[in-house]
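Structural description and commentary
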Amino acid sequence: MSNEEKNISQVLDRMFERYKLNSKLTEAKLIQQWSDIVGPLIAKHTDKLELKGKTLYIHVSNPVLKNELFYQREQIMQNCNLHLQEQAIEKIFVGH
């Protein structure tokens, strides 16, 4: 293999960076693991998850649950980063 050739991992990494796909991939992982991160009850009442940069937006249908999640933001952020095995989230906003 010459210096001009790159392995597939490097090519994929550059493609993800160039097309800003890392955030979408991380968002997909969060959605897939959401029930494990917050538990089935909260996951059931979560309407939508969005990751924009390092900010996670959690949309829930229940105002009481929204309030509870607001107070648990730090713990949720730690659990998300633990499950993702990276510091992907630095802020969380909870809304409906």
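Residues numbered from 1 in each chain as written. Predicted model: local features only at pLDDT ≥ 70, side-chain atom pairs only at ≥ 80, totals over all residues. Heavy atoms only, no water.

**Some thoughts on the packing of helix α2 (residues 22-38) against helix α5 (residues 73-84)**
Cut-off, in case you're wondering: For every element, the axis is a line fit to its C-alpha atoms; helices are fit only across the contacting stretch, and the angle between N-to-C directions ranges from 0 to 180 degrees. Runs of E in the DSSP output that reach at least two residues are strands. Runs of H or I that reach at least four are helices, and both are numbered from the N terminus. In this scheme the handedness of a crossing depends on how the near helix is turned from the far one: anticlockwise by less than a right angle means left-handed, clockwise means right-handed. Throughout, a residue-residue contact means that at least one pair of heavy atoms, one from each residue, lies within 4.5 Å. Residues were grouped as follows: Ala, Val, Leu, Ile, Met, Phe, Trp, Tyr, Cys and Pro as nonpolar; Asp, Glu, Lys and Arg as charged; and all remaining residues, including Gly, as polar.
At their nearest, the axes of α2 and α5 sit 10 Å apart, and the two run at 115 degrees to each other. The interaxial crossing formed by α2 with α5 has right-handed handedness. From α2, Thr26, Lys29, Leu30, Gln33, Trp34, Asp36, Ile37 and Val38 reach across to α5, where they touch Ile76, Asn79, Cys80, His83 and Leu84. The residue makeup of the contact of α2 with α5, split by class, is seven nonpolar, four polar and two charged.

**Quick look at the pattern of salt bridges**
So the rule is basically this: A carboxyl oxygen of Asp or Glu within 4 Å of a side-chain nitrogen of Lys or Arg is what we treat as a salt bridge. The buried label goes to any residue with under 20% of its type's maximum accessible area, the exposed label to any with over 50%, and the partly exposed label to all in between, with areas taken from a 1.4 Å probe on protein chains only.
Here the structure, examined in full by the defined rule, presents two salt bridges. For the salt bridge of Glu50 with Lys48, the shortest nitrogen-to-oxygen distance reads 3.8 Å. For Glu50, a relative accessible area of 18% puts it in the buried group.

**Concerning the nonpolar core**
Note the cut-off: The nonpolar core is taken to be a set of buried Ala, Val, Leu, Ile, Met, Phe, Trp, Tyr and Cys residues, with the residues joined through side-chain atoms within 4.5 Å.
One finds Trp34, Leu56, Ile58 and Ile89 to be the most contacted residues of the largest nonpolar core, which totals 21 residues. Those elements that provide at least two residues to this core are α2, α3 (40-44), β1 (46-52), β2 (55-60), α4 (63-71), α5 and β3 (91-95). Residues contacting Leu56, with those up to four places away along its chain left out, are Leu30, Trp34, Leu49, Glu50, Leu51, Cys80, Ile89, Lys91, Ile92 and Phe93.

**What about the packing of aromatic side chains?**
Rules: Between rings of Phe, Tyr and Trp, where Trp is taken as its six-membered ring, a pair exists when centres lie within 6.5 Å; planes separated by under 30 degrees are stacked, by over 60 edge-to-face, and by other angles tilted. Here, a charge over a ring means that NZ of Lys or CZ of Arg falls within 6 Å of the ring centre while also lying within 35 degrees of the ring normal.
Overall, the coordinates contain two aromatic pairs when judged by the stated rule. Ring geometry for Tyr57 and Phe93: centres 5.5 Å apart, planes at 20 degrees, overall stacked. On the criterion of sequence distance, the pair formed by Tyr57 in strand β2 and Phe93 in strand β3 is long-range, its members being 36 residues apart. What makes Tyr57 partly exposed here is its relative accessible area of 27%. Ring centres of Phe70 and Tyr71 lie 5.3 Å apart, and the angle between their planes is 85 degrees; this geometry places the pair in the edge-to-face category. The class of Tyr71 is exposed, set by a relative accessible area of 62%. Seen from the ring of Tyr57, Lys52 lies directly overhead, with NZ or CZ sitting 5.4 Å from the centre. Taking the ring centre of Phe70 as reference, the NZ or CZ of Arg73 above it sits at 4.0 Å.

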